[in-house]
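Working through the structure, step by step
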Amino acid sequence: MGTAERRETAGDGTAAREATRQQAAPATRTSDAAGRRADGGPAREAAEVRAAYRPLWVEEPARRRRLPDPVRTAAARAVLIIAVTLIQAMVALLCTLAGSWLAFPMVISSVVSTIAATWAVLDVWVTRQVWNQRHGVVSTPSSTARALRRERRQARRAQRAAGRERARIRRRGGAGQLSHP
């Protein structure tokens, strides 16, 4: 998108329309033969200000869907635990280099935090898998599912063909039948 373009968005964040300044300017200027606005100068100035306005950012639709709430909370929890673990590891390193008595307890707590961080990351993975299993996941059909769908399609086609044949016989007045129902 060039600098001369602007995008106006609807309230829900989706792009409503795109317009360039060159396209927007003729729509706002209705001028007489002399090039002046028929209804006065202040309206023209307001239209030029609106045409020159560009927002700082443009909200665009997300490329990927948002994570489900349980997965998002597990991911946020994991990020916080990992951040605390990294801080503890840095403090343990600095205490060790300084020769402080706090070095040993910090190393022990860093090891425990590393185990907790690993558990938190596994929790995100397991929560995501459980969510996909309970609420459906997009997958490619297996060969057995494909075969079942093919059989159902053939049965529907045969049923429609039989219905068309009955309708055709009814239209012809029953000619060709041995007995009438």
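Nothing here was measured: the structure is a model prediction, and the numbers come from that model.

All right, on to the environment of Ala78 then. Within the fold, Ala78 resides in helix α3 (residues 69-98). Separated by 38 residues in sequence, Ala78 and Ala116 place their C-alpha atoms 8.9 Å apart. Once residues within four sequence positions are removed from consideration, Ala78 is found in contact with Ala120, Val121 and Val124.

Along its 33 residues, helix α4 (residues 103-135) runs 47 Å from first to last C-alpha, staying within 8% of the 48 Å computed at 1.5 Å per residue. All of the buried residues in α4 are Ala103, Met106, Ser110, Ser113, Ala117, Ala120, Val124 and Thr127. The inward-facing, buried residues of α4 abut α3. One or two positions beyond α4, positive phi appears at Gly136, with a value near 90°.

On to a nonpolar patch on the surface, then. Residues Met90, Leu93, Leu94 and Leu97 make up a contiguous nonpolar surface patch of about 430 Å² in total accessible area. Relative to the helices and strands, Leu97 resides in helix α3.

Attention shifts here to the pattern of salt bridges. Proximity of charged atoms lets side chains of opposite charge pair with each other. The full count for this structure, using the stated rule, is 4 salt bridges. Ionic pairing is found between Asp69 and Arg66, a salt bridge with its closest N-O pair at 3.8 Å. Residue class for Asp69 comes out partly exposed when judged on its relative accessible area of 47%. Residue class for Arg66 comes out exposed when judged on its relative accessible area of 63%.

Further remarks concern the UniProt feature "transmembrane region" (unreviewed entry) in the chain. As recorded in UniProt, the sites labelled "transmembrane region" (unreviewed entry) are residues 74-101 and 107-126. As annotated, residues 74-101 has a helix share of 89% and a strand share of 0%, and its two end C-alpha atoms lie 35 Å apart. Note that residues 107-126 is 100% helix and 0% strand, and that its end C-alpha atoms are spaced 29 Å apart.

Calculation notes
- Residues numbered from 1 in each chain as written.
- Predicted model: local features only at pLDDT ≥ 70, side-chain atom pairs only at ≥ 80, totals over all residues.
- Heavy atoms only, no water.
- Helix = DSSP H or I, 4+ residues; strand = E, 2+ residues; numbered from the N terminus.
- Contact = heavy atoms within 4.5 Å.
- Expected span 1.5 Å × (residues − 1).
- Buried < 20%, exposed > 50% of the residue type's maximum accessible area, 1.4 Å probe, protein only.
- Patch = residues over 30% accessible without salt bridge, like charges linked within 9 Å, V, L, I, M, F, W, Y side chains within 5 Å.
- Areas by Shrake-Rupley, 256 points an atom, 1.4 Å probe, with all protein chains shown as cover.
- Salt bridge = Lys/Arg side-chain N within 4 Å of Asp/Glu carboxyl O.
- UniProt positions renumbered as here; feature names shortened; annotations may be inferred.

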